[in-house]
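# Residue-level structural notes
The primary structure of each chain is shown beneath.
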Amino acid sequence: MQTVVVGTSGTTADDVIAVAREGARIELSAEAVAALAAARGIVDALAAKPEPVYGVSTGFGALATRHISPELRAQLQRNIVRSHAAGMGPRVEREVVRALMFLRLKTVASGHTGVRPEVAQTMADILNAGITPVVHEYGSLGCSGDLAPLSHCALTLMGEGDAEGPDGIVKPAGELLAAHGIEPVELREKEGLALLNGTDGMLGMLVMALADLQRLYVTADITAALSLEALLGTDKVLAPELHAIRPHPGQAAAAANMSAVLKGSGLTGHFQEEEAPRVQDAYSVRCAPQVAGAGRDTLAHARLVADRELASAIDNPVVLHGGTSQADGSGGGRLESNGNFHGAPVAYVLDFLAIAAADLGSIAERRTDRLLDKNRSHGLPPFLADDAGVDSGLMIAQYTQAALVSEMKRLAVPASADSIPSSAMQEDHVSMGWSAARKLRTTVDNLSRILAVELYAATRAIELRRGLTPAPASRAAIEALRAAGVEGPGPDRFLAPDLEAADAFVRGGKLIAAVEPVTGPLA
């Protein structure tokens, strides 16, 4: 099993995926343990002073004006976790919770939060034991961090609330900790606040969406190429010199991918042999690289933002070393309030990705519809049916695809354009980044299904072009899809299982795996 070492300088997207999805074990580096201890010394020194310090000896948010006496501070930290664990709605997926816990640990280990080393170690132990706190859909406004989701995780750290064990059964967190020999944490000054104040949930979902969308954008290039081939389109529009004069890198990559898939095709270019020759293909075919390319460039920007966030230490207040402040600690260390918890940078790119993915789904659906329409498919049977009229073919498969596209368009409305005040107007502008991330997850799921329907239709259409030889990469895709249990042309049958199998084929990266031995690596 892979081991991820958490240090003081952030983490990588690969490490997030390894912990969230693959169950990688976590270790704290010696450097991180030393940084944790040093930062805790600063907080302890501040806690011993008579002056109030936010997060250490005061209330929180709109209640920050109250000075808290030493005997009430442990209770204060427990109370903030309990009161903020106020989520509602369905449970959030296990991988999302593991990602947000790991990313919170990443910030804690930076030495900028003032959390004790033993608290950080307990966070790692819970992840390593496969214990997953129950986190709910609603409760984050994406500012002051993902407060309610992180609070439910901190509650498990205290041995309270509910959590899912490695066997998938939900039990009281205290029972699960005891079963794995993990002692609940008694929080001290600042620790409760430090466990709640970050953009970790939305960032974790961004990182996983980027991984999924990278695969789906390559998949979309393949399905677009298959549709072009099935429609007897021309691959001349994919020529590198055409894309060099509009030098968007994503566009060039998409065109190169499509060209590689179509190399050696005996179907492309037949449009000029028709009774009414086409001068050029429809936009959904001809402009596929431009649309997919714009999405790829959006991915690149979102990846840049994610990498910056993965290198960040987000908390409020934060422990800084050296300098002077109204909240000076020992050794020149200090605690400073800040606004780094605001989720706007992450929220914006989450929304950008939803818009780009919706457009990619939309153009794929238009190609599918063209394959099914006898007036636009250039010789294919209506709905790719075996005996049109007796058979309906893929008519309703396209309905399903259209319904998915319509939902994606609604989900493309930006969550980050909204803001709603909270905490007695202290937190009067919020990012709604958690909401942007949640809807992006649905968008990614829908995009996989949409591309699966296009794949299903395009491969069937190619097989119906009897007498013409598809490209070697296309043949490899068709053979792999059929081997996966997705049937080809024939009389009407129960379609849902075929579509589910096609979706699993796409989602698991099997289409790319089938094609790349022929094409070489696709960008």
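The structure under discussion appears in the preceding block.
Residues numbered from 1 in each chain as written. Predicted model: local features only at pLDDT ≥ 70, side-chain atom pairs only at ≥ 80, totals over all residues. Heavy atoms only, no water.

## Re the side chain of aspartate 146
- One can find aspartate 146 in the loop between strand S5 (136-138) and helix H6 (147-157).
- One polar contact links the side chain of aspartate 146 to the main-chain amide nitrogen of glycine 201, over a distance of 2.9 Å.
- Those residues within four positions of aspartate 146 in sequence are excluded, and the remaining contacts are Ser140, Leu196, Gly198, Thr199, Asp200, Gly201, Met202 and Trp434. (Helix = DSSP H or I, 4+ residues; strand = E, 2+ residues; numbered from the N terminus. Polar contact = N/O pair within 3.5 Å; in protein donor to acceptor, adjacent residues only side chain to side chain. Contact = heavy atoms within 4.5 Å.)

## With respect to empty space enclosed by the protein
- Under the definition given, this model contains two cavities of 30 Å³ or more.
- By volume, the largest cavity is sized at about 90 Å³.
- For the largest cavity, the full set of lining residues is Met101, Arg104, Met123, Leu150, Cys153, Ala154, Leu157 and Leu195.
- Here the element with the most residues in the lining of the largest cavity is H6; it accounts for four residues.
- Within the lining of the largest cavity, the residues separate by chemical class into seven nonpolar, no polar and one charged.
- Of the voids in this model, the second largest cavity is the one considered here, and its volume is about 30 Å³.
- Residue lining of the second largest cavity: Ala220, Asp221, Ala224, Met258, Ala288, Pro289, Ala292, Leu360, Ile363 and Arg367, and that is the complete set.
- Elements represented by at least two residues in the lining of the second largest cavity include exactly helix H9 (200-230), helix H13 (288-310) and helix H14 (344-372).
- Of the residues belonging to the lining of the second largest cavity, the class tally is eight nonpolar, no polar and two charged. (1 Å grid on protein atoms, 1.4 Å probe; cavity = no way out; pocket = protein on both sides within 12 Å on 5 of 7 lines; lining within 4 Å. Points joined across faces, edges and corners; volume = space filled by probe spheres on them. Nonpolar A, V, L, I, M, F, W, Y, C, P; charged D, E, K, R; others polar.)

## Quick look at the sheet that holds strand S6 (residues 162-164)
- With antiparallel pairing, three strands are arranged side by side in an open sheet as S4-S6-S7. Where the open sheet ends on each side, the last strands, each with one partner, are strand S4 (132-133) and strand S7 (170-172).
- Relative to S7, S6 runs antiparallel, the two sharing three bridges. When the bridges of S7 are listed, glutamate 164 appears paired with valine 170. (Pairing = 2+ DSSP bridges.)

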